[in-house]
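# Secondary and tertiary structure notes
The primary structure of each chain is shown beneath.
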Amino acid sequence: MKSILVPVNLTSASLPSCKYAISLARDIGASITYIYVLEDPVFLSGMGINILMEEAESRMHRFFNKLNAANPDVVMNYRILKGAVATSICNYASTHQTDLIIIGNTKQGRIAKSIAGNPVLQILRNAPCPAMEIPKTAHYKGLYKIVYATDLSKENLRHLETLIPFAKVNKSEIIVLYVNLLLKKNESESLQSIINKMKKKTGYASITGFICDDIEVTDGLAYFLQKKHADCIAIYTQHHSAL
């Protein structure tokens, strides 16, 4: 894992995800590319696209210089793109061998959501590589425990394998979490059998399992997080992997 992409909006709201990415990149020896997307303007209000691009370049240059000056040991660069936010970021990641996208969860107004949808959700669903959403209050302290929430389906478990390289580089323990919605008996035996097979197949020994008996997935996950410490929650989306 050598290349991390971090979308930014050039406000303080982008700083938590930037700081998280910097700490992770420093730990694993990766480089960072910050991406700012100048959206296709709905209303130009008399301003030409060239003027908007010049202003964006000026703001991005100041934003980048502050981060770069404070973290000279991490290789960084930036790009400014034009177009729809999620599409532009996913296309860039696809064509530039990006290994991980780290994106902050910034709030949007109702009007912005109705016009453009939720770009964070769109990126998580359509990214060509694993994508990590960073809460505002999250601080990087290492990724020692990664929880992989699964329904134990073959497709879902197959994508657990894509998490192994990420876990290896971070020396993480992977905890396979299954929420037993139907309250079936003997599920622990089935889960342990799956984990043993996964260890043998991947050659990665730091995989354990945990079962929560609950009627709601979110409640089961919340219960687990109250009882156990976790640095990252991983799920498989319908299209690609998401952290």
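Note: the structure precedes this text.
Residues numbered from 1 in each chain as written. Predicted model: local features only at pLDDT ≥ 70, side-chain atom pairs only at ≥ 80, totals over all residues. Heavy atoms only, no water.

## Some words on the pattern of salt bridges
Stated formally: Note on definitions: salt bridges are taken to be side-chain nitrogens of Lys or Arg within 4 Å of carboxyl oxygens of Asp or Glu. For helices the rule is a DSSP run of H or I covering at least 4 residues; for strands it is a run of E covering at least 2, with both sets numbered from the N terminus onward. Residue burial is assigned from relative accessible area. The probe radius is 1.4 Å, only protein chains are included, and a residue is buried under 20% of its type maximum, exposed over 50%, and partly exposed in between.
What the rule picks out here adds up to three salt bridges. One salt bridge in this structure joins aspartate 73 and arginine 26, with 2.6 Å as the shortest N-O distance. Placement of the pair is aspartate 73 in the loop between helix 2 (49–70) and strand 3 (76–82) and arginine 26 in helix 1 (residues 15–28), with a sequence separation of 47 residues. Judged by its relative accessible area of 39%, arginine 26 falls in the partly exposed class.

## Quick look at the environment of leucine 160
Looking at the element boundaries, leucine 160 is found in the loop between helix 6 (154–158) and helix 7 (164–170). Placed 11 residues apart in sequence, leucine 160 and alanine 149 show a C-alpha to C-alpha distance of 9.6 Å.

## Structural notes on helix 8 (residues 187–202)
What counts, and what does not: Residue count minus one, scaled by 1.5 Å, sets the expected span of a helix. Note that the arc is defined by the directions from the helix axis to the C-beta atoms. Contacts: residue pairs with any heavy atoms within 4.5 Å of one another.
Over its 16 residues, helix 8 runs 22 Å from end to end, which matches the ideal 22 Å to within 8%, given 1.5 Å per residue. Looking at helix 8, one finds that the buried residues are Glu187, Leu191, Ile194, Ile195, Met198 and Thr202. Down the axis of helix 8, the buried set is contained in an arc of 100°. They therefore lie on one face. Of the exposed residues in helix 8, those oriented more than 90 degrees away from the buried face are Glu189, Lys197 and Lys200. Summarising the contacts, the buried residues of helix 8 are in contact with helix 6, helix 7, strand 7 (173–180) and strand 8 (207–213). In the stretch just after helix 8, glycine 203 is the one whose phi turns positive, near 75°.

## Some words on the pairing of strand 1 (residues 3–7)
Applied cut-off: Should DSSP find at least two bridges between two strands, the strands are taken to pair. Seen with its strands pointing away from the viewer, a crossover is right-handed when the path leading from the first strand over the helix to the second is clockwise.
Here strand 1 lies mainly inside the structure; five of its five residues are buried. The alternating pattern of strand 1 places Ser3, Leu5 and Pro7 on one face and Ile4 and Val6 on the opposite face, and all of these are buried. Both strand 1 and strand 2 (residues 31–38) contribute to a ladder of five bridges, which runs parallel. Within strand 2, the residue paired with isoleucine 4 across the bridge is isoleucine 32. Between the parallel pair strand 1 and strand 2, the chain is carried across by helix 1, and the sense of this crossover is right-handed. Strand direction decides the pairing type here: strand 1 and strand 4 (residues 100–104), joined by two bridges, are parallel. The partner of isoleucine 4 across the bridge, within strand 4, is leucine 100.

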